[in-house]
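# Residue-level structure breakdown
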Amino acid sequence: MLTNLKALVVIVVLAFAVFHLARRFCVQFMSEGTFDRRRNIWFALTIVAFLSPSFWLYAAFALGLLYWSTARDENPLALYVLVTFTVPNVHFYIPGVVFQQLFDLTQYRILSLAILIPAVFQMWKHSPGSPSNRLKLVDVVLIAFLLLQVVLLMPYESLTNTMRRTFLIILDTYLVFYVFSRISEKGKMADVLVCFWLSCALMAPVAIFEWAKGWLLYTELASAWGDPNVFAWIFRDGSVRAQAATDHSLNLGYVLAVGLGFFLYLRNRVTSAALSWLAIAVFSVGIFASGSRGAWITAALVVLIFVLVRPDSGRQLAKVAVFSAVVVAVMYMTPLRESVIDRLPIIGTTDQDTVIYRQQLADASWPLIRLNPFFGDPFVYLRMEALRQGQGIIDIVNGYLFTALFTGLVGFGLQVSVLAISIFHGGSALVRARRFDADLGSMGAALLSTLLASLFFIAAAGYSTTTYILAGLLMAYATIVARQARNVALARDEVSDKSSVTSSKRLSTNP
């Protein structure tokens, strides 16, 4: 308990500083009252979590508070992304009355039950006949992929378990994608982006602290509740890999990379250049502190793609190239070479065992995929014993291979198609938006760059909830651009009609 109290003090102090520095910036996207309420909710969830001796006390408090706040928040999805990483995503089974166990409750599922489901009902209530509520092609493809996962295991489980898995797979994946893909206003989209960034800004200094002090602040909380993260303490070259409240350093690095991508768009609203560069520096060090080389490359790809899809891509790319060359040169000629460059993939020399494992995984997976090419093998782990690590697990870190092994090329095609459709619609909308709204184009560049960079991260560490959020945001972005384009066209037609009427009057009065 004492360790948790010390960790809580550190987290609260760091968070107070971040909220204070970010307030003036964030209230450009939301009202001051909304910012204060969301901030207070974040503190309340964090403090109650660290003071609660049981997960169920926290869960009851979180469900009540979040349900109450969802009814009062003009944009519940922004609240969702802000509080996602207040505590680790621990798992505890809900005891059943008719059934022995209902399902395991997690932080993500608390948020889905208290925020996303009420948000869907609000959406349907305010716009019952809206075309945006109807199923689209991407919805059908995602539902087909999720149903495939349910059907493939039905012969090997009870009807009760099939019903449970169906409910959870909808709650964990489709519900998340659905609500974020239905955002219909640019202001609400920007609000979600800034709250996601703020959530990452709260974790970045925590990550730096964990890396510098060798102390993971959230791990004791999960242990005290009874669901210890046995794989939390991961080291790279003698330094602990930070993870904050994301359960794993890979997840932390990826989330911070996405947050950095969003800030590339949001930073145009920062009034202080010093604060802007401070935010970028903190995020960069936080990503490095995760020790995840996959996240490092993902962050670099986010920046590179964002620069490339901007209108002034040539000039911006030259700046990035010069800055990168200077940074690499400085690191190479200083002691930072051993702690940074030698850890990089391909050119680095330390911890190459993970690279070798991924190569072995790829070599072993393709023959197994060929054995069951269409629908995979639900028991494929039994054929992969040679890949069992010293930790006692077979870690299929490549998300594409995982899907192909368990659901075959059919499942692989469906899952990749969801991302491909989102990227196609988002990219097309970006090209369209740049013709009439530079700010909307910059927003699209941030969304597109983060999802495109995620394609690499999936190969390095697998899929996550954040990936489906990005896909949903891109689909929503396409809808927003289409609506804005229609409004611009109507405004131009009105101006043209008024000009025609004026010209006609002049001709009639001056024959």
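The structure under discussion appears in the preceding block.
Residues numbered from 1 in each chain as written. Predicted model: local features only at pLDDT ≥ 70, side-chain atom pairs only at ≥ 80, totals over all residues. Heavy atoms only, no water.

## Quick notes on the environment of Cys-26
Operational definition: For the purposes of this entry, the term helix denotes a DSSP run of H or I that reaches at least four residues, the term strand denotes a run of E that reaches at least two, and both are numbered from the N terminus. Pairs of residues are marked as contacts when any of their non-hydrogen atoms sit within 4.5 Å.
Tracing the backbone through its elements, the reader meets Cys-26 in helix α1 (residues 2-26). Between the C-alpha atom of Cys-26 and that of Leu-266, which follows or precedes it by 240 residues, the distance is 9.7 Å. If we ignore the near neighbours within four places in the chain, the residues touching Cys-26 are Phe-35, Val-194, Trp-197 and Leu-198.

## Observations regarding the packing of aromatic side chains
Defined as follows: The pairing test for Phe, Tyr and Trp rings, Trp by its six-membered ring, is centres within 6.5 Å, and the orientation test on the planes gives stacked under 30 degrees, edge-to-face over 60, and tilted for anything in between. Burial classes follow relative accessibility: with a 1.4 Å probe on protein chains only, a residue under 20% of its type's maximum area counts as buried, one over 50% as exposed, and anything between as partly exposed. To sit over a ring, a charge needs its Lys NZ or Arg CZ within 6 Å of the ring centre and within 35 degrees of the ring normal.
In this structure the tally under the stated criterion is 32 aromatic pairs. Between the aromatic rings of Tyr-156 and Phe-379, the centroid separation amounts to 4.9 Å while the plane-to-plane angle is 85°, which identifies the pairing as edge-to-face. Here Tyr-156, found in the loop between α6 (137-153) and α7 (159-181), pairs with Phe-379, found in the loop between α15 (353-371) and α16 (399-433); they are 223 residues apart in sequence, far enough to count as distant. Relative accessible area serves as the criterion here: at 39%, Phe-379 is assigned to the partly exposed category. Aromatic rings pair up to connect Phe-25, Phe-29, Trp-197, Phe-263 and Phe-283 into one cluster. The residue whose ring lies beneath Arg-267 is Trp-277, and the NZ or CZ to ring-centre distance is 5.0 Å.

## Description of α6
Applicable threshold: A helix is expected to span 1.5 Å for every residue after the first.
Taking 1.5 Å per residue as the helical rise, α6 with its 17 residues ought to reach 24 Å, and the 25 Å between its terminal C-alpha atoms agrees with that figure. All of the buried residues along α6 are Val-138, Asp-139, Val-141, Leu-142, Phe-145, Leu-146, Leu-148 and Val-150.

## Some words on a nonpolar patch on the surface
Rules: Without a salt bridge and with relative accessible area above 30%, a residue can belong to a patch; like charges are then joined within 9 Å and nonpolar side chains (Val, Leu, Ile, Met, Phe, Trp, Tyr) within 5 Å. Each accessible area is a Shrake-Rupley estimate made with a 1.4 Å probe; only the visible protein chains count as cover when residues are assessed. One side-chain nitrogen of Lys or Arg within 4 Å of one carboxyl oxygen of Asp or Glu is enough to make a salt bridge.
A surface patch of nonpolar side chains, about 330 Å² in accessible area, is lined by Leu-2, Leu-5, Ile-47 and Leu-51. Listed by contribution, the elements that provide at least two residues to the nonpolar patch are α1 and α2 (32-51). If you trace the backbone, Leu-5 turns up in helix α1. Overall, Leu-5 belongs to the partly exposed group, its relative accessible area being 33%.

## Considerations on the packing of helix α4 (residues 76-83) against α7
Note the threshold: Structural elements are reduced to axes, namely lines fitted to C-alpha atoms, with helices fitted over the stretch in contact, and the angle between N-to-C directions of any two is expressed from 0 to 180 degrees. Reported orientations rely on four angle classes, namely roughly parallel under 35 degrees, roughly antiparallel over 145, roughly perpendicular from 65 to 115, and oblique for the rest. Take the far helix as your reference; a near helix turned counterclockwise from it by less than a right angle gives a left-handed crossing, and one turned clockwise gives a right-handed crossing. Throughout, the ten residues Ala, Val, Leu, Ile, Met, Phe, Trp, Tyr, Cys and Pro are labelled nonpolar, Asp, Glu, Lys and Arg are labelled charged, and all others, Gly among them, are labelled polar.
Relative orientation of the contacting elements α4 and α7 amounts to 130°, with a least axis distance of 10 Å. As judged from the angle between their axes, α4 and α7 are oblique. In the packing of α4 onto α7, the handedness of the crossing is left-handed. Contact with α4, carried on its side by Leu-77, Tyr-80 and Val-81, involves Val-176, Val-179 and Phe-180 of α7 and no other residues of that element. Residue composition of the contact of α4 with α7, by class: six nonpolar, no polar and no charged.

## A look at helix α11 (residues 273-289)
Taking 1.5 Å of rise per residue, 17 residues should cover 24 Å, and α11 covers 24 Å from first to last C-alpha, within 8% of that figure. Among the residues of α11, those classed as buried are Ser-276, Ala-279, Ile-280, Phe-283, Gly-286, Ile-287, Phe-288 and Ala-289. Just beyond α11, the residue with positive phi is Gly-291, at close to 65°.

## Considering the nonpolar core
Cut-off, in case you're wondering: Residues belong to a common nonpolar core when they are buried Ala, Val, Leu, Ile, Met, Phe, Trp, Tyr or Cys residues joined through side-chain atoms within 4.5 Å.
Leu-66, Phe-180, Trp-197, Leu-266, Leu-473 and Tyr-477 are the most contacted members of the largest nonpolar core, which has 144 residues in total. Per-element accounting of this core gives the leading share, 16 residues, to helix α8 (residues 186-213). For Leu-473, the residues in contact, after removing those within four places along its chain, are Phe-180, Ile-183, Met-189, Val-192, Leu-193, Phe-262 and Leu-447.

## Observations concerning unusual backbone geometry
Despite not being glycine, Ala-244 has its phi angle at roughly 50°, a positive value. A relative accessible area of 2% means that Ala-244 is categorised as buried. Unlike most non-glycine residues, Asp-247 shows phi in positive territory, near 80°. Turning to its location among the elements, Asp-247 is positioned in the loop between β4 (239-240) and α10 (249-266).

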